[in-house]
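Read off the chains here:
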Amino acid sequence: MESTIAPPLAMLRESAGVVHDELLALLRDSVSARFSPDPEGSPERIAGYLEDGLSLLTSRGFRLDSEVGLSMESFEVCRRLADQDARFRFIYRLPSSVGWGAAIGAAIGRALYGETHDGVRVVTATLNAFMTFLDGLLDEAPDVFNPHRESLLQLVRDTELHNGTRNGSVPRDHPYNTMCFLIARLWIDHFNRLSPPSQPGGLRNEFLCAALRSMAVEYSACDSRFGGAPPSMDVLYGRTSWPLWTQALAVMCQHGRPADVDLGAFRKLIFRIGEYAAYLDDVRDYITDCAAAQWNTVSLAYYSRYPFPIDGAGVTQRQLLANLADDAFAEAVIQTGSELCDSIEECLVGLRGVDSDSLRPLLADLTYEYLC
Amino acid sequence: MSTCVEFSTGESEKTCEVVVVGGGPAGSAAACAAARQGLQTVLVESGRKGRDKACGDMFAPTAVTLLQELGLCCEVLAQAQEARTFDALELRSPRGLLWKVMYPEQPVWIIPRKISDQKLRDLLPANVGVMYEASVRTVAKLPRGFLSVTACRQDGKAVNLQCRAVVLAAGAQDRLSDQWGISGRRLHAPSISAYARCTGVTMPAFEFLSACRPGYRWAFPAPDGYVNFGICALTSTRGSRLKSLGRDLWDAYGISGEPRWRGGTGGLWSSDGVRWHHDAGLVSCGDAGGLVDPVNGEGLTAALASGRAAGEAAARFVLGNGDAGVLRSYSEWVKAYFGSRYAPSAVRTAWKQLCGITSEHRSSSSSAYQCAIL
């Protein structure tokens, strides 16, 4: 049966690329001016994030030291493995994700406290790298990583109990599993160094719970393959929103709860930003995710609006790729993008004690990164 | 071992089976591949023996593998007295060291172009004749499937080479590939380089410049305490601007004296190319076909890969009595191979971000400015 549908599906994928490019351009025209006081500055700033990420990985603050067990050589072992096996090429996203993580920490710090702190930036950077790495492993090489799901969660849970990391919990069966655990230990290690150190309860527990929730959502999202029951939208949005909220909590762990800020409203803002980022990512990766038989927020939104029989991954793929040529689909994509922007604006406007100008360049850069 | 093509007094014509225009890495790979099929081949090089070039000193592991497959690796690399090997290279920015890429299994080779290009030509098979200091002006169709290649020598005399197939490998400034519509619609990327004495550079380094986005500068250690410094702009950039950035580079490394810049131009992949062959028996490769990596400006690997494929295609064309199908296959291969090689991927995205290449930058390159100092 599969062989009879393969040729038209392949043709559909090829032609879908052109329509998809047009859709990205339409969305770009619709939202790229929303947050950008300086649209010309995004490429320069994004290059700066990557530079920052690379230099954090090597020399400034990341501390590839014997305490955690990471070294440039261990990264290079993984990089060379990626040259041989394309599944592991996600390692190349690591410097960029470190840079973006540092930028997120800096922007939230400035928005809440008017300042940024190097120690926080390292936590938000390494946490971002960890989530990127985990996402890559779960999506691209689940067979390699799946045996270690529970023990990775346990590593983070133990942090609550021990206020530190345990040396014996790093798997050695595959360089990428080792790397994933070492990066986890790295952000935990740096989190424990934040000031005030080892503050019991309160924000510290909230941070660790959010980190665990981020991982759990990531686990659930990667299981959302075509052919099975579609996931909930909360799970698909949550894989970006929860890590972002975890990073925001890291900032607050350093500085303390912001006095004049409604934390519930601020949390809502962070979640809206996370949803916006997830959505842009999913519009951009629509074809790739379809090819990988993976639900994302865009395909799930279409399915929710216009349900169709789910009868095997191939049928779902064809249906979702064919949607691209549908004007109603394009309109819905653009409308959703605009609504997400509106919801961020509403949160920003109604929020006291937060310097929204510190967040706008980051939002503009996110938009540029995904759509330009 | 190749031979120099000599013309006795008054002689103005020679006959062969394949003519390769351009004696850089792409041309040598093409000549080698064609000659290996037993075809009498003439390689026409506009420069004199041992002429240097502005960039392309670094043989990455993939390029070394390609040389090995051509049977040229050991000779070229081991006999090159000025060759140096490194098991790592550094990526830098004004903020300092960004990353150290390590090659523990297959090293990176840094060989001055004047050495590597000449070694490659010297080691071509005996059925390749090399004509130096001759510029090819025209390629014309003749009856019965022949082509006429007219070259002008230093002494002003024109010589005609009659052949069955022509490989165009004369670099990014090649006009013939434009005339025959097989340039791959290349974009132009200017670069400059110069040697200077400097002891502080211990391994090859690339440095990304916020002052020159998209672009970067390099420092490649050479023997005897010299370093090859250079700047590559991946979009149209004025020569004066490059020189100014070169001055900064000089100052950054504390080098005294005035640099003696050599200029060059890379033929970048544009994604707009349709064909790299003409049914009459021509194929283009390397910079002439716009096959240089548009993100990092690396062209040596592409030159060797496409040169070899072009030489093989030309040979099959001759041995197949002018069956243009093999040339069409070459074009299809170029489109698929380089289209895939230069397609977005995580690592390319990272380079792109570091270089600061945006879609606006790339599109502005289509109105390529020819660097005045080159």
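One can find the structure itself at the top, above this paragraph.
These lines cover the structure that appears in this document, whether it is placed above or below.

Reading the values: the criteria
- Residues numbered from 1 in each chain as written.
- Chains lettered and ligands numbered in written order.
- Predicted model: local features only at pLDDT ≥ 70, side-chain atom pairs only at ≥ 80, totals over all residues.
- Heavy atoms only, no water.
- Pairing = 2+ DSSP bridges.
- Helix = DSSP H or I, 4+ residues; strand = E, 2+ residues; numbered from the N terminus.
- Axes fitted to C-alpha atoms, helices over the stretch in contact; angles between N-to-C directions.
- Contact = heavy atoms within 4.5 Å.
- Core = buried A, V, L, I, M, F, W, Y, C linked by side-chain atoms within 4.5 Å.
- Buried < 20%, exposed > 50% of the residue type's maximum accessible area, 1.4 Å probe, protein only.
- Parallel < 35°, antiparallel > 145°, perpendicular 65-115°, else oblique.
- Left-handed = near helix turned anticlockwise from the far one by under 90°.
- Nonpolar A, V, L, I, M, F, W, Y, C, P; charged D, E, K, R; others polar.
- Buried area = accessible area lost by both parts, 1.4 Å probe.
- Polar contact = N/O pair within 3.5 Å; in protein donor to acceptor, adjacent residues only side chain to side chain.
- Phe/Tyr/Trp six-rings, centres within 6.5 Å; stacked < 30°, edge-to-face > 60°.
- Lys NZ or Arg CZ within 6 Å of the ring centre and 35° of its normal.

Okay, the sheet that holds strand β17 (residues 215–221) of chain B next. Residue and element names in this part refer to chain B. With mixed pairing, the 7 strands of this open sheet are ordered in space as β8-β7-β16-β17-β18-β15-β19. Every interior strand has two partners, whereas the edge strands, β8 (96–102) and β19 (262–268), have only one. Adjacent strand axes in the sheet meet at a mean angle of 20°, parallel and antiparallel pairs treated alike. Pairing geometry for strand β7 (residues 88–93) and strand β16 (residues 205–208), over 3 bridges, is parallel. Each residue of the ladder has a partner; that of leucine 91, found in β16, is phenylalanine 206. Across the sheet, helix α6 (residues 239–252) touches β15 (187–197), β17 and β18 (226–233), and the angle it forms with β18 is around 145°.

In this structure, Phe130, Phe133, Leu134, Leu152, Phe207, Trp245 and Phe266 of chain A are the most contacted members of the largest nonpolar core, which totals 163 residues. Filtering out sequence-adjacent residues up to four positions away, phenylalanine 266 of chain A remains in contact with Ile108, Leu112, Trp245, Ala248, Met252, Val261, Leu351 and Val354 of chain A.

Let us now look at the packing of helix α2 (residues 42–58) of chain A against helix α9 (residues 346–355) of chain B. In contact at an axis separation of 7 Å, α2 of chain A and α9 of chain B are set at 115° when each is read in the N-to-C sense. As summarised for this structure, α2 of chain A and α9 of chain B are arranged roughly perpendicular, according to the angle between their axes. When the axes of α2 of chain A and α9 of chain B are compared, the crossing they make is left-handed. Across from Ile46, Ala47, Leu50, Glu51 and Leu54 of chain A in α2 of chain A, the residues of α9 of chain B making contact are Ala350, Gln353 and Leu354 of chain B. Here the contact of α2 of chain A with α9 of chain B is composed, by residue class, of 6 nonpolar, 1 polar and 1 charged.

Below, the discussion takes up the environment of aspartate 85 of chain A. All names here are of chain A. Mapped onto the elements, aspartate 85 comes out in the loop between α3 (72–84) and α4 (94–113). In this structure aspartate 85 comes out as partly exposed when scored by relative accessible area, which is 23%. A sequence separation of 196 residues divides aspartate 85 from aspartate 281, and the C-alpha atoms of the two residues are 24 Å apart.

This part is about the sheet that holds strand β5 (residues 58–59) of chain B. The strands that make up a sheet are held in pairs by hydrogen bonds between backbone atoms, and each pair lies either parallel or antiparallel. All names here are of chain B. Taken in spatial order, the 3 strands make up an open sheet running β5-β9-β6, and their pairing is antiparallel. In the strand order of this sheet, the two ends are held by β5 and β6 (84–86), each with one partner. Examined bridge by bridge, β6 and strand β9 (residues 108–110) share 3 bridges and lie antiparallel to one another. Bridged to arginine 84 within β9 is isoleucine 110.

Time to look at the interface of chain B and chain A. Accessible area lost upon the coming together of the parts serves often as the stated size of an interface. Every contact between the two is made by 19 residues of chain B and, on the other side, 26 residues of chain A. In total, chain B and chain A occlude about 2,200 Å² of area from one another, counting both sides; carbon and sulfur atoms represent 61% of this. By the criterion of area lost to chain A, the three top residues of chain B are Arg95, Trp99 and Gln353 of chain B, representing 32% of everything that side buries. For the interface between chain B and chain A, the tally reads 4 residue pairs in polar contact (both at pLDDT 80 or more). Those elements giving two or more residues to the side of chain B that touches chain A turn out to be β8 and α9 of chain B. Per element, the largest residue contribution to the side of chain B that touches chain A is 6 residues, and it comes from β8 of chain B.

Bringing the packing of aromatic side chains into the picture now. Inspection of every chain in the model, using the stated rule, returns 35 aromatic pairs over all chains. Look at phenylalanine 208 of chain B and tyrosine 216 of chain B: their rings are 6.5 Å apart centre to centre, the planes differ by 65°, and that puts the pair in the edge-to-face class. Exposure remark for phenylalanine 208 of chain B: the relative accessible area of 0% places this residue in the buried category. For the pair tryptophan 333 of chain B and phenylalanine 338 of chain B, a centre-to-centre distance of 5.8 Å together with 80° between the ring planes defines the contact as edge-to-face. Three or more aromatic residues joined by ring pairs form one cluster here, namely Trp269, Trp276, Tyr330, Trp333, Tyr337, Phe338 and Tyr342 of chain B. One Lys or Arg, arginine 149 of chain A, reaches over the ring of tyrosine 219 of chain A and ends 4.9 Å from the middle of that ring. A cation sits over an aromatic face here: arginine 164 of chain B above phenylalanine 146 of chain B, 3.8 Å from the ring centre.

The values are spatial; any link to function lies outside them.
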